[in-house]
Amino acid sequence: MKITKEFRFEASHKLDTNDKCDYGPCSNLHGHSYKMYVTVEGEINPNTFMLINFKDLKEVVNSEIVDRIDHTHLNDSFSKLYKESNIRLKILDKALLGNKVYTTCEVMSTLIKHIIQKKLGCKVSIKLYETATSYCEV
Ligand SMILES: [Zn+2]
């Protein structure tokens, strides 16, 4: 069984240029109105008749993620979010801890998934829309 809640936030970022990829106009400072679906997977609780209370899911996602990155510059706020989490993944180390920072939709949804999953202790998936027609699902 899965339940999903939608979240929205606004933020700026830029993909720092490197010799491995041409990010085109994404290497300029720009902003997005992000839309994010957080899905929790599990079984119905026989005491509450819910998988998770939507109110609890909203509080966790807002306090752990949205309140910390909404209306921020993601190159700064996402690096900080990663440093302050106890999550360590090689790809996120490389994307978020160097002199250059890569807040791609893929990097962002991966970190968000791990943070929420750790906090809730159940399987979580993220669908993060960077634009109306482009999203990453993890
Ligand atoms: Zn962008």
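Our subject is the structure listed above.
This text gives an overview of the structure that appears in the document. (Residues numbered from 1 in each chain as written. Predicted model: local features only at pLDDT ≥ 70, side-chain atom pairs only at ≥ 80, totals over all residues.)

## Quick look at helix 1 (residues 54-69)
Item 1. Along its 16 residues, helix 1 runs 21 Å from first to last C-alpha, staying within 8% of the 22 Å computed at 1.5 Å per residue.
Item 2. Maximal helix bending in helix 1 amounts to about 50°, located at N62.
Item 3. Tucked into the core, helix 1 has its buried residues touching strand 1 (2-13), strand 2 (30-41), strand 3 (72-73), helix 2 (74-84) and helix 4 (105-120).
Item 4. H71, located one to two residues past helix 1, shows a positive phi value of around 55°. (Helix = DSSP H or I, 4+ residues; strand = E, 2+ residues; numbered from the N terminus. Expected span 1.5 Å × (residues − 1). Bend = angle between axes of the 7 residues up to and from the residue. Contact = placed C-beta atoms within 7 Å.)

## Observations concerning helix 2
Item 1. Residues L74, N75, F78, L81 and Y82 constitute the buried set of helix 2. Projected down its long axis, helix 2 shows its buried positions confined to an angular sector of 135°, all on one face. Those residues of helix 2 that are exposed and angled more than 90 degrees off the buried face are K83 and E84.
Item 2. On its buried face, helix 2 sits against strand 1, helix 1, strand 3, helix 3 (90-96) and helix 4. (Buried ≥ 20, exposed ≤ 12 C-beta atoms within 10 Å, placed from the backbone. Arc of directions from axis to C-beta.)

## What to know about the environment of D70
Item 1. On the secondary structure map, D70 appears in the loop between helix 1 and strand 3.
Item 2. Under the C-beta neighbour-count criterion, D70 is labelled partly exposed, with 15 such atoms within 10 Å.
Item 3. Expressed as a C-alpha distance, the spacing of D70 and S33, which sit 37 residues apart in the sequence, is 9.6 Å.

## Remarks on the sheet that holds strand 5 (residues 135-137)
Item 1. Read across the sheet, 5 strands follow the order 3-1-2-4-5 without closing on themselves; strand pairing throughout is mixed. Both outer strands of the open sheet, strand 3 and strand 5, are each paired with one neighbouring strand and no more.
Item 2. For strand 1 and strand 2, the ladder comprises 12 bridges, and the chain directions are antiparallel. Directly across from I3, in strand 2, lies its bridge partner V40.
Item 3. Along the sheet face, helix 4 touches strand 2, strand 4 (123-129) and strand 5 and points at about 150° away from the line of strand 4. (Pairing = 2+ DSSP bridges. Axes fitted to C-alpha atoms, helices over the stretch in contact; angles between N-to-C directions.)

## With respect to the environment of C26
Item 1. Structurally, C26 is set in the loop between strand 1 and strand 2.
Item 2. Exposure remark for C26: the 15 C-beta atoms within 10 Å place this residue in the partly exposed category.
Item 3. Taking the C-alpha atoms as reference, C26 lies 10 Å from Y102; in sequence the two are 76 residues apart.

## Structural notes on the nonpolar core
Item 1. Formed by 28 residues in total, the largest nonpolar core has its most connected members in V38, F78, L96, V107, L111 and I112.
Item 2. When contributions to this core are tallied by element, the ones reaching two or more residues are strand 2, helix 1, helix 2, helix 3, helix 4 and strand 4.
Item 3. Ranked by residue count, the leading element in this core is helix 4, at 6 residues.
Item 4. Those residues in contact with L111 that lie beyond four places of it in its chain are L81, Y82, I87 and L92. (Core = buried A, V, L, I, M, F, W, Y, C linked by C-beta atoms within 7 Å.)

On their own, these measurements won't tell you what the molecule is for.
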